[in-house]
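The chain contents come next:
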Amino acid sequence: MKNSNVLIGFLLLFLSLLNTSCRKEESVFEGATPQDRLLVGSNAYTLLTQTALHDGSYDNILDQASCIAMKLPVDVVVNGVAIEVLSIEDFDLINDVFSLDDADEDSLEIVYPATVIFADYSEAIVSNTAELEVYRNACGDENSSDEDIECIDIKYPIGISLFNTITEVLSANTVKNDHELLDFLDSLTDNHVVNIDFPIQVLLKDGSELEVNTMEQLEAIIESSKDSCDEEDTNVEDTECDDCSEEEVATIWSTCDAWEVDKLLIFGINKTDDYEDFSFNFKADGSVEVSTATSETYMGTWATTELTVFTYLEITIPELSDISGIWAIIDLSIFANDEARNKIELLSGLRSLRFKDDCNDDEDDEDDEDDEEED
């Protein structure tokens, strides 16, 4: 009997130590790196949610609305030609039909029923144009402000640890895409402790990739880059800059020998005013001459490289680090008259730069709204 009591005592002591050990492990998770936790309702939570929303602007050639997208496959009739759109690559077929005759009036009719995808990845079947028009109108005017963040993407998969403070259950989750991330975020409550398994990678609009090691850094990168690019939410096809070739870059520089910085954002900070009195001359021989209102002069070089997706512009001006670097050409606009100014839009990581020609005194360029973001 005595031996039995001793044995029971040892068992109770063992269970007590085991329970204490488990509790300690849970408390370590709850207390580890609080700054790296994802809190429901926090700014980081909101930014991640907006980044995970479904962007509907990629198929505007089909639905003319950026907050919705058509679920593929979908049948359309383009200028009388029937096309089965199986993937986004088939958008080129639509453009080809549109380009057959520049004089005709282009038309695209969707064959119903069709399915619409919303920003939260929910779907609805539309039976006719009138029903689709209801969803189009809900998107507002083209280029109107929307919630989704398109200038940065998460590189999947990512790991997320989830601890429920009520059930005391710890689980490991692997998120493979934006849809899964949005569903995961929507499922969270105040009872959850969430840690992302850093490091993770994020992709910027110019194709560059950044490593993120903390929640604080992730929040800062999304915050600073969310307005760093043109989201191109126009109700037309959304394509890459097809005319941004090396030849077109040389052509646009030849139109003017004085270019001004029309926009410069660095990590979300507007530095346009720092270059208000700078004039850039991009010469045909690949040199750049910069003059200022205070008679200072800086010399440098420029060169282009054309790759599969982007044409890159490399600017080297040693004294002007904000301007120097390798920039992806996002947009290039050459106007044949004096009603608007020629422009070139550039992106490099979390830097956004736009040059506008200073050879035309006409200030009535209607395209110059938008991008003067606040610090």
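Quick look at the structure, then. (Residues numbered from 1 in each chain as written. Predicted model: local features only at pLDDT ≥ 70, side-chain atom pairs only at ≥ 80, totals over all residues. Heavy atoms only, no water.)

## Here we look at the sheet that holds strand β5 (residues 108–110)
In space, the three strands of this open sheet follow the order β4-β3-β5, with antiparallel pairing throughout. The open sheet terminates on both sides in strands that have one partner only, identified here as β4 (81–85) and β5. Between one strand axis and the next, the sheet turns by 30 degrees as a mean value, whatever way the strands run. Bridge count for strand β3 (residues 74–78) against β4 is five bridges, and the pairing is antiparallel. Counted as the bridge partner of Val78 is Val81 from β4. (Pairing = 2+ DSSP bridges. Helix = DSSP H or I, 4+ residues; strand = E, 2+ residues; numbered from the N terminus. Axes fitted to C-alpha atoms, helices over the stretch in contact; angles between N-to-C directions.)

## Observations concerning the side chain of Asp63
With respect to the helices and strands, the residue Asp63 is situated in helix α3 (residues 60–63). With no salt bridge to any partner, buried Asp63 finds its closest opposite charge in Arg136, at an N-O distance of 6.1 Å. When sequence neighbours within four positions are dropped, the list of residues in contact with Asp63 reads Ile68, Ala69, Met70 and Arg136. (Buried < 20%, exposed > 50% of the residue type's maximum accessible area, 1.4 Å probe, protein only. Lys, Arg positive; Asp, Glu negative; His and termini not counted. Salt bridge = Lys/Arg side-chain N within 4 Å of Asp/Glu carboxyl O. Contact = heavy atoms within 4.5 Å.)

## Quick look at the packing of helix α2 (residues 43–52) against helix α6 (residues 178–187)
Contact geometry for α2 and α6: axes closest at 8 Å, N-to-C directions at 145 degrees. In the packing of α2 onto α6, the handedness of the crossing is left-handed. Contacts from Tyr45, Leu48, Thr49, Thr51 and Ala52 in α2 reach Asp178, Leu181, Leu182, Leu185 and Asp186 in α6. Grouping the amino acids of the contact of α2 with α6 by side-chain chemistry returns six nonpolar, two polar and two charged. (Left-handed = near helix turned anticlockwise from the far one by under 90°. Nonpolar A, V, L, I, M, F, W, Y, C, P; charged D, E, K, R; others polar.)

## Topic: the pattern of salt bridges
Tallied over the full model, the rule gives 13 salt bridges. In this structure, Asp322 and Lys271 form a salt bridge, with 3.0 Å as the shortest nitrogen-oxygen distance. Taken as a pair, Asp322 in the loop between β19 (311–316) and β20 (325–333) and Lys271 in the loop between β15 (269–270) and β16 (278–282) lie far apart in primary sequence, 51 residues in all. Look at the salt bridges and you will find they share partners, linking Glu260, Asp262, Lys263, Arg341, Glu345, Arg354, Lys356 and Asp358 into a network.

## Concerning the sheet that holds strand β10 (residues 169–175)
Read across the sheet, four strands follow the order β1-β11-β9-β10 without closing on themselves; strand pairing throughout is antiparallel. Looking along the sheet, the strands with just one partner apiece sit at the ends: β1 (37–38) and β10. Inspection of the sheet shows strand β9 (residues 158–164) paired to strand β11 (residues 192–196) by five bridges, in the antiparallel sense. The residue bridging Ile160 from the neighbouring strand is Ile196, located in β11. Lying over the sheet, α6 contacts β1, β9, β10 and β11, oriented at roughly 155 degrees with respect to β10.

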